[in-house]
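# Examining the three-dimensional arrangement
Below, each chain spelled out in residue letters.
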Amino acid sequence: MISSSRCSFLSNSGYAGSGSSFSRVQRRHSAPFRVVAVAPTSRSGDRNGSVVMDLKDIKDGSAVLDVENNSTAGGGVQDAYVEDRATEDQFVTPWSVSVASGYSLLRDPHHNKGLAFSERERDAHYLRGLLPPTVISQETQVKKMIQHMRQYDVPLHKYMAMMNLQETNERLFYKLLIDHVEELLPVVYTPTVGEACQKYGSIFLKPQGLYISLKEKGRIHEVLRNWPEKDIQVIVVTDGERILGLGDLGCQGMGIPVGKLSLYTALGGVRPSACLPITIDVGTNNEKLLNDELYIGLKQRRATGQEYTELIHEFMTAVKQNYGENVLIQFEDFANHNAFDLLEKYGSTHLVFNDDIQGTASVVLAGLMAALKVVGGNLADHRFLFLGAGEAGTGIAELIALETSKQTNMPLEEIRKNIWLVDSKGLIVSSRKESLQHFKKPWAHEHEPVKELVDAVNKIKPTVLIGTSGQGRTFTKEVVEAMADINEKPIILALSNPTSQAECTAEEAYKWSQGRAIFASGSPFPAVEYDGKVFVPGQANNAYIFPGLGLGLIMSGTIRVHNDLLLAASEALASQVSQDNFDKGLIYPPFSNIRNISAHIAAKVAAKAYELGLATRLPQPKDLVQYAHSCMYSPTYRPYR
Ligand SMILES: NC(=O)C1=CN([C@@H]2O[C@H](COP(=O)(O)OP(=O)(O)OC[C@H]3O[C@@H](n4cnc5c(N)ncnc54)[C@H](OP(=O)(O)O)[C@@H]3O)[C@@H](O)[C@H]2O)C=CC1
Ligand SMILES: CC(=O)C(=O)O
Ligand SMILES: [Mg+2]
């Protein structure tokens, strides 16, 4: 056991984003400057394939090269980098100065502090005159920014303002998000991120994340090396085929990995420079996008079969080569015909986690564990019916079965018989078994065919109804009323995202059950007043789980995800629900306390990983909760020397 509970691996060596290009070079203005050309070929062996050049002269923190006075093609200014004087068909080199000072410091999102630069820093870093004279604290900046955000009526405008802040001042972005998490989560995450993905082509200003398309086949290792950070701990990757409940958005799905990773940092404390959002572009089958001149992705139909498999395999191999065994790869919003196979294929060779299958399962199981404290009984006493038998539905069903089996010592096959699923063709029953996708087969029980959900409710008589269909308003009045007829306190979870795809609204669930439903949804709904009582609906979203789970895996150096780690995460989350939360009708704790919750989840996950021998960071810290806290990134500004 190590005596210290301080984080020993997530070093923030003085500056935010310690792996960034600016941290590798001397920052003081008296140090020798280098000019870096962000050129595609590598001459000097410098990182990123950059070309390092000697300078003839340095003036006021800016670099001046001795260049020949070529003929001009417009411009005519004595520009140092030849760009203005090159003829239009001549090649120019995209120069940038690689020391964060002065003007470039203000434009470096990792180090920019805006008006919070102190008087001393303004002198030391050539900022005089580049900022208005006032100096304000980060707290005041947060106050100012939240007022700014509240001025926008349109959620998408808030989203764009938040993305702009992330690209301008990363620490302020995270401080704002952490301090106002309940207000801003629906902006950077579901539901607004869904609309942002749908309109990504037209709102796209600056690229975020890394794009790997079929064009890069055979060169993925090289493409990964173009990313400026080397010390990557978490990758969230999508191929954009099932973005929330919005279908195939192709390359525009990038909003999802970007959003999920901002939650890894804000909710789970993984430092931003260790997070890498990736979109794999194999084309899209979305006709609207294929015909949209503003579409940013490959305009071709999706590659499938061997072409798809080879690209993904090259990607998985390159990730391990570049970042090692311990990098966590989170698969996000793949279509189910690929998602289960990828998880199965890479589960034994990589640290992979499918958020839609596993993260969703863990968060829902936690909600159920909490709900049973209100409703009574054990998992084995309840009967479950799902609308939707894909990644989320069958993932949740399997984890419920696993936990019930552990609690009762009954075989999984027996327990599964209490869990029923409906897909687009109706109730999954044994007569359909031959034609079912492999992940549905374990749920094909003996029963006559049933087409409609309301009939399935009346026949199966579930105590818990879970929506994972991606189809809005499918929990109709008849369905909710049937649940309320069967149960004193029906548990109804409308998990589909974004809000437009939720199986029912919070208001509908409370109204149609006469205020008796225990309700939670994937996207947030406001509180509802019914019959003089205020009901606060909870948010059953995997965002409760993946940041803490990820932190637990990273801080323990765990090399494989095991179902017991998901169960540990569920237990940790369920244990954070207080009596006060229950009194308000909540089965999840509020997001306002999420960093503390994530630390508890991380600690439980790490403890289980150590117990199973999956953790490689030894010795095991004594106090894992304290250790998790100490590993968390803080967005507070650092003083610059
Ligand atoms: N709250 C959360 O944390 C999470 C929420 N989700 C949400 O869950 C939804 C589903 O995701 P996922 O499971 O990955 O998607 P999948 O595509 O894997 O599964 C969707 C399932 O819904 C079924 N379905 C579609 N239309 C109907 C219908 N009209 N009636 C009955 N069943 C229908 C499909 O049937 P068939 O197989 O016959 O096509 C399929 O079984 C999405 O909206 C997603 O946003 C997902 C992950 C996490
Ligand atoms: C929340 C999530 O992962 C989804 O809706 O896909
Ligand atoms: Mg998802």
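Residues numbered from 1 in each chain as written. Chains lettered and ligands numbered in written order. Predicted model: local features only at pLDDT ≥ 70, side-chain atom pairs only at ≥ 80, totals over all residues. Heavy atoms only, no water.

## Some details on the site of ligand 2
The local shell around ligand 2 consists of Tyr 189, Arg 242, Leu 244, Lys 260, Glu 332, Asp 333, Asp 355, Asp 356, Asn 497, Asn 541 and Asn 542. A distance of 3.0 Å is found between an oxygen atom of ligand 2 and a side-chain nitrogen or oxygen belonging to Arg 242. Within the side chain of Asp 333, an N or O atom sits 3.0 Å from an oxygen atom of ligand 2. Notes on ligand 2: free accessible area 220 Å², of which the protein chains cover 90%. Using a 2 Å cut-off from the grid points, one finds that ligand 2 occupies the second largest pocket. Classifying every residue of the shell around ligand 2 by side-chain character gives 2 nonpolar, 3 polar and 6 charged. (Near = heavy atom within 4 Å. Polar contact = N/O pair within 3.5 Å; in protein donor to acceptor, adjacent residues only side chain to side chain. Areas by Shrake-Rupley, 256 points an atom, 1.4 Å probe, with all protein chains shown as cover. 1 Å grid on protein atoms, 1.4 Å probe; cavity = no way out; pocket = protein on both sides within 12 Å on 5 of 7 lines; lining within 4 Å. Sits in = over half its atoms within 2 Å of the grid points. Nonpolar A, V, L, I, M, F, W, Y, C, P; charged D, E, K, R; others polar.)

## A look at the site of ligand 1
Around ligand 1 sit 27 residues, and of these Arg 242, Asn 336, Ala 389, Ser 424 and Lys 440 come closest. Contact distances for ligand 1 include 3.3 Å between an oxygen atom and a backbone N or O atom of Asn 497. Burial of ligand 1 by the protein amounts to 84% of the accessible area it has alone, namely 930 Å². With respect to the detected pockets, ligand 1 is housed in the second largest pocket. Secondary-structure elements contributing two or more residues to the shell around ligand 1 are helix 14 (355–375) and helix 15 (391–408). Among the residues making up the shell around ligand 1, the classes are represented as 6 nonpolar, 16 polar and 5 charged. Structurally, the shell around ligand 1 is a two-domain feature, drawing no fewer than three residues from each of domain 2 (186–349) and domain 3 (358–541). (Helix = DSSP H or I, 4+ residues; strand = E, 2+ residues; numbered from the N terminus. Domains from an automatic or database assignment.)

## A closer look at the coordination of the magnesium ion (ligand 3)
Listed as protein donors to the magnesium ion (ligand 3) are Glu 332 (OE), Asp 333 (OD) and Asp 356 (OD); their distances from the metal cover 2.1 Å. The sequence motif formed by the donor residues of the magnesium ion (ligand 3) is E-D-x22-D. With Glu 332 in the loop between strand 9 (328–331) and helix 13 (336–346) and Asp 356 in helix 14, this residue pair connects regions lying 24 residues apart in the sequence. Asp 356 carries the same exposure label as Glu 332, and that label is buried. (Donors = N, O, S within 2.8 Å, 3.2 Å for Na, K, Ca; no water. Buried < 20%, exposed > 50% of the residue type's maximum accessible area, 1.4 Å probe, protein only.)

## Let's talk about the side chain of His 382
Within the element layout of this structure, His 382 appears in the loop between helix 14 and strand 11 (384–387). Its relative accessible area of 7% is what places His 382 among the buried residues. Setting aside its immediate chain neighbours within four residues, His 382 contacts Leu 372, Val 375, Gly 376, Gly 377, Asn 418, Thr 463 and Val 464. (Contact = heavy atoms within 4.5 Å.)

## Regarding the packing of helix 5 (residues 170–179) against helix 10 (residues 255–266)
Closest axis-to-axis distance for the helix 5/helix 10 pair is 10 Å, and the angle between their directions is 75°. Taken together, the axes of helix 5 and helix 10 are roughly perpendicular relative to one another. Contact residues: helix 5 offers Phe 173, Tyr 174, Leu 177 and Ile 178, while helix 10 offers Leu 261, Ser 262, Thr 265 and Ala 266. Looking at side-chain class alone, the contact of helix 5 with helix 10 contains 6 nonpolar, 2 polar and no charged residues. (Axes fitted to C-alpha atoms, helices over the stretch in contact; angles between N-to-C directions. Parallel < 35°, antiparallel > 145°, perpendicular 65-115°, else oblique.)

## Things to note about the pattern of salt bridges
Inspection of every chain in the model, using the stated rule, returns 29 salt bridges. With a shortest N-O distance of 2.8 Å, Asp 123 and Arg 128 are connected by a salt bridge. A salt bridge links Asp 239 to Arg 302; its shortest N-O distance comes to 3.9 Å. Note that Asp 239 is positioned in the loop between strand 7 (234–238) and helix 10 and Arg 302 in the loop between helix 11 (287–290) and helix 12 (305–323), a separation of 63 residues in sequence. This pair shows no difference in class: Asp 239 is buried, exactly as Arg 302 is. Taken together, the shared-partner salt bridges in this structure form one network comprising Asp 239, Glu 241, Asp 248 and Arg 302. (Salt bridge = Lys/Arg side-chain N within 4 Å of Asp/Glu carboxyl O.)

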